[in-house]
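Now for the letters of each chain:
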Amino acid sequence: MVKNNNPIERDAVGRLFFLLDRQYRLVIQQVVALKPHVFAIAARQGMFVAKAYRFPVAAARHAWLLAALRKTGFSDAPAPMPIGRGGVVEAGGCYWLLTEYVAGARPISFAAWADAADGLHLLERYHTITANIASSKQEAIGLPRAQLYDKWRRRYEEFCRHLPVVETIMDKEDILFTLRWADYCLSTCREHAPELTEDSAAIIHGDVASHNFLRTTTGQMYLIDYDAAALASPGLDYCQYANRLLPYIGWSYSTLARFAPLRRWLEKRWFLHALLFPADVFREWRSAAARRRPLVFDRKRRERFVRSLYAMLQ
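Only a predicted model underlies this, so the values are computations on that prediction, with no experimental measurement involved.

### Here's the deal with the pattern of salt bridges
- Per the counting criterion, the structure on display carries 19 salt bridges.
- For aspartate 227, the salt bridge identified is with lysine 51, shortest N-O distance 2.3 Å. One end of the pair, aspartate 227, is in the loop between β9 (221-223) and β10 (230-232); the other, lysine 51, is in strand β3 (residues 46-53), with 176 residues separating them in the sequence.
- When its relative accessible area of 15% is taken as the criterion, lysine 51 is described as buried.
- Ionic pairing is found between arginine 215 and aspartate 118, a salt bridge with its closest N-O pair at 2.8 Å.

### Observations regarding the confidence of the model for the protein
- The share of residues in the protein with pLDDT of 70 or more is 97%, and the mean pLDDT across the chain is 94.
- Segment residues 1-8 is flagged for pLDDT under 50; beyond a separation of four residues in sequence, or across chains, it makes eight contacts in the model.

### Let's talk about the sheet that holds strand β5 (residues 94-100)
- Read across the sheet, five strands follow the order β1-β2-β3-β5-β4 without closing on themselves; strand pairing throughout is antiparallel. The strands lining the two open edges of the sheet, one partner per strand, are β1 (28-35) and β4 (88-91). Pairs of neighbouring strands in the sheet enclose a mean axial angle of 30 degrees, with direction left out of account.
- Two elements, β1 and strand β2 (residues 38-43), share six bridges in a ladder whose sense is antiparallel. Residue pairing in the sheet places glutamine 30 in a bridge with alanine 42 of β2.
- Seen against the sheet, helix α2 (residues 56-71) touches β3, β4 and β5 and runs at an angle of roughly 20 degrees to β5.

### Quick notes on unusual backbone geometry
- Despite not being glycine, histidine 37 has its phi angle at roughly 75 degrees, a positive value.
- Judged by its relative accessible area of 33%, histidine 37 falls in the partly exposed class.
- With a phi angle near 55 degrees, arginine 292 is a residue other than glycine that sits in the positive phi range.
- Among the structural elements, arginine 292 can be located in the loop between α11 (279-291) and α12 (299-313).

### Some words on the sheet that holds strand β6 (residues 105-107)
- Strands sit in the order β6-β8-β9 across an open sheet of three strands; the sheet is antiparallel. Edge positions in the sheet fall to β6 and β9, since each of these pairs with one other strand and no more. The average undirected angle you get between the axes of adjacent strands in this sheet is 30 degrees.
- In the packing of helix α3 (residues 113-136) onto the sheet, contacts are made with β6, β8 (213-216) and β9, and the angle to β9 comes to roughly 55 degrees.

Rules used throughout
- Chains are numbered independently. Their residues run from 1 in the order of the written sequence.
- Thresholds applied to this predicted model are a pLDDT of at least 70 for local features of residues and 80 or more for the giving and counting of side-chain atom pairs; totals over whole chains, interfaces and linings are not thresholded and use all residues.
- Only heavy atoms go into the side-chain values, all of them from the structure, while hydrogens and water stay out.
- Any carboxyl oxygen of Asp or Glu within 4 Å of a side-chain nitrogen of Lys or Arg constitutes a salt bridge here.
- Helical segments are the DSSP runs of H or I of at least four residues, strand segments are the runs of E of at least two, and each set is numbered from the N terminus.
- Exposed residues in this analysis have more than 50% of their type's maximum accessible area, buried residues have under 20%, and partly exposed residues fall in between, with area computed by a 1.4 Å probe over protein chains only.
- Every residue is assigned a pLDDT by the predictor, reflecting its confidence on a scale from 0 to 100.
- We call two residues in contact whenever any of their non-hydrogen atoms come within 4.5 Å of each other.
- Following DSSP output, two strands are said to pair if at least two bridges run between them.
- Note on definitions: angles span 0 to 180 degrees between N-to-C directions of axes, and those axes are lines fitted to C-alpha atoms, for helices only across the stretch in contact.

Next up, the structure:
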């Protein structure tokens, strides 16, 4: 059994195991906590993952998308377990989504060219399929719509509110650089919003971090964790992917353009404008502060990259 110091969470997990044992006759042999509220469970009948949600709509939405993907033949997403309502069961005040466990898998590395390229091609296949799902399935209407510029503003304001903390992990010049380009992007985003709105919508993944792409020992890749899925231009996923990839390729525009799935997006002004925004800093400063470690920031290379994009937009 997993050790857990929170009595409420411990009770919810215990009730889940009791339910699986008594109602679904699963003989649980081992449990490993992958992260808070997510457990890998080995049962006599096989392995699966259980993820807790506070609200039923979030669990049901995730389960629906996984089922819709599998129905279209997209086998690169985990399948919901044939338990409860589409893989969702209620226990201990939580709603648990149960999905297959991807055995023998490792996260991809953006430092490895083959991994980065394969991740992009998987993302392309995902968007092709979800564009069809978004246009043909009534349930897709219930998905949230991604609001890029509102998200920027929220993260910018949070960063500014915590500047005394940020100053303990970032050089002053790095902070000024970050705020300068964030200010520029927020003050000019209305110029690019219409072009972004005109893009055809798909169901974006919303969190294309390397740990959400798994490669098995047989070479198959999986895309996991669809909690941030939303209706939006697929370009939002590619922008986030590029933002996470750039530090590993030395903030090089020419290297970024070598990835075929990114080329058409690099022709769009809204996409270039979005790459100027320091989303990575606003995403990562909290974890750096929690670890009490400096936030790595290659300002010289990054500034050359940012200035080249700025010149393209003029």
